[in-house]
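Breakdown of the fold
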Amino acid sequence: MKRFFTIVAVLLIASLAFAGGKKEVDYSVLTIGATPEPHASMLNLVVEDLAKEGITLKVVEFTDYVTPNEALESGQIDANFFQHIPYMEEFNATKGYHLSNAAGIHIEPIAIYSSKVKALADLKNGAKIAIPNDPTNEGRALLLLQSAGLIKLSDKAGITATPLDVVENPKKLEFVEIEAASLPRVLADVDAAVINGNYAIPAGLSAKNDGLFVEGADSPYVNIITVKEGNENDPRIVALVNALKSDKIKDYINKTYPNGEVVLVF
């Protein structure tokens, strides 16, 4: 009789777990969204390391900056790896999301690229400059253009600066706001473009070799492992962070990006 009730209890628990089409969460699986380079490549390198700890790492690739945050907030994925801190904070503020920084991994210095001129001084009056159209990366691009001496922004402008914040523009540059992922493809159609590292790299662009002006190594735009608030200490996340902060990753970055396209922060 005792065995009968045990079997009934097990069946009841199983039926409740799958009620309404829902299924039990497999806490041995960690699903993380990432843009291809260098994020997904780095994650794929540590799949076997996490497997040794009983964690199945599933990497889902995204090619934009919005969908991976929507997927994380809705619970479709457990974490993502593609964005920097200011972008995440802006996303939380504007969308009311609950995303959190679990660990900083690297910086991808942005740079000004051109297929038409070899120096910023060669840019003509009225030159078209393509910049990312999302709030934080647009501000980051404009701050870079200011650092390069091409424009001056209002003292009140910060990391979310827009072309409306430009108070001095000696060359009368025209800003073309483009989705970040499309910037490498429009490079030939503009006079210059400010391109994020994770889109410049797959396009064969090297910040050190091809950039006309490159963001400094003291950049605050650290790329992070992002999770929902409260999950920063999830054992799976902790294991992932430890795996990414390993000598294997250091060696990979040093060999793959010897020109400083990716700079580790650990």
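For the structure given in this document, a descriptive report is provided here. Given the structure is predicted, the values throughout are model-derived calculations rather than measurements.

Residue position: Phe266 is located in the segment after strand E13 (263-264). Discounting residues that sit within four places of it in the chain, Phe266 has contacts with Ile105, Leu244, Lys245, Ser246, Ile249 and Lys250.

Here the focus is the sheet that holds strand E3 (residues 79-84). Spatial ordering of the open sheet is given by E2-E1-E3-E12-E4-E13, a layout of 6 strands whose pairing is mixed. The outermost strands of the open sheet, each flanked by one partner alone, are strand E2 (56-61) and E13. When strand E1 (residues 29-34) meets E2, the two strands line up parallel, connected through 6 bridges. Looking across to E2, one finds that Val29 is bridged to Thr56. On the sheet, helix H5 (residues 85-95) packs against E3, strand E4 (99-107) and strand E12 (222-228) and is oriented at approximately 110° with respect to E3.

Moving on to the pattern of salt bridges. Note that side chains of opposite charge can pair when their charged atoms are close. Per the counting criterion, the structure on display carries 4 salt bridges. Of the charged contacts in the structure, one is a salt bridge between Glu215 and Arg140, with a shortest N-O distance of 2.6 Å. Placement of Glu215 in the loop between strand E11 (213-214) and E12 and of Arg140 in helix H6 (residues 135-147) is noted, with a sequence separation of 75 residues between them. Given the relative accessible area of 13%, Glu215 is considered buried. Arg140 sits in the buried class, given a relative accessible area of 3%. The partner of Arg236 in a salt bridge is Asp234, and the shortest N-O contact between them spans 2.8 Å.

Our focus in this paragraph is H5. Of the positions making up H5, those classed as buried are Pro86, Tyr87, Met88, Phe91 and Asn92. If you follow the buried residues of H5, they end up packed against helix H4 (67-74), E3, E4, H6 and E12. With its phi angle positive at about 70°, Gly96 sits one or two positions after the end of H5.

Turning next to the sheet that holds strand E10 (residues 192-195). The pairing of strands in a sheet comes from backbone hydrogen bonds and takes either a parallel or an antiparallel form. With mixed pairing, 5 strands are arranged side by side in an open sheet as E9-E6-E10-E5-E11. For this open sheet the edge positions go to strand E9 (174-178) and E11, each flanked by a neighbour on one side alone. Pairing geometry for strand E6 (residues 128-132) and E10, over 2 bridges, is parallel. Its bridge partner being in E10, Ile129 is matched across the sheet by Ala192.

Our focus in this paragraph is the pairing of E10. Side chains Ala192 and Val194 of E10 all project onto a buried face; the interleaved residues Ala193 and Ile195 project onto the opposite face, where all are buried too. Looking at chain direction, strand E5 (residues 111-113) and E10 are connected through 3 bridges and run antiparallel. By the bridge assignment, Ile112 is partnered in E10 with Val194.

For the rest of this paragraph, the subject is empty space enclosed by the protein. Under the criterion given, the structure shown has 1 cavity of 30 Å³ or more. Taken as a whole, the largest cavity encloses approximately 80 Å³ of empty space. Surrounding the largest cavity, Tyr65, Phe82, Gln83, His84, Tyr87, Glu108, Asn137, Arg140, Asn196, Gly197, Asn198 and Asn223 form its lining. Among the secondary structure elements, those contributing two or more residues to the lining of the largest cavity are E3, H6 and helix H8 (197-200). Per-element tally for the lining of the largest cavity: the top contributor is E3, with 3 residues. Class assignment for the residues of the lining of the largest cavity results in 3 nonpolar, 7 polar and 2 charged.

Rules and cut-offs
- Residues numbered from 1 in each chain as written.
- Predicted model: local features only at pLDDT ≥ 70, side-chain atom pairs only at ≥ 80, totals over all residues.
- Heavy atoms only, no water.
- Helix = DSSP H or I, 4+ residues; strand = E, 2+ residues; numbered from the N terminus.
- Contact = heavy atoms within 4.5 Å.
- Pairing = 2+ DSSP bridges.
- Axes fitted to C-alpha atoms, helices over the stretch in contact; angles between N-to-C directions.
- Salt bridge = Lys/Arg side-chain N within 4 Å of Asp/Glu carboxyl O.
- Buried < 20%, exposed > 50% of the residue type's maximum accessible area, 1.4 Å probe, protein only.
- 1 Å grid on protein atoms, 1.4 Å probe; cavity = no way out; pocket = protein on both sides within 12 Å on 5 of 7 lines; lining within 4 Å.
- Points joined across faces, edges and corners; volume = space filled by probe spheres on them.
- Nonpolar A, V, L, I, M, F, W, Y, C, P; charged D, E, K, R; others polar.

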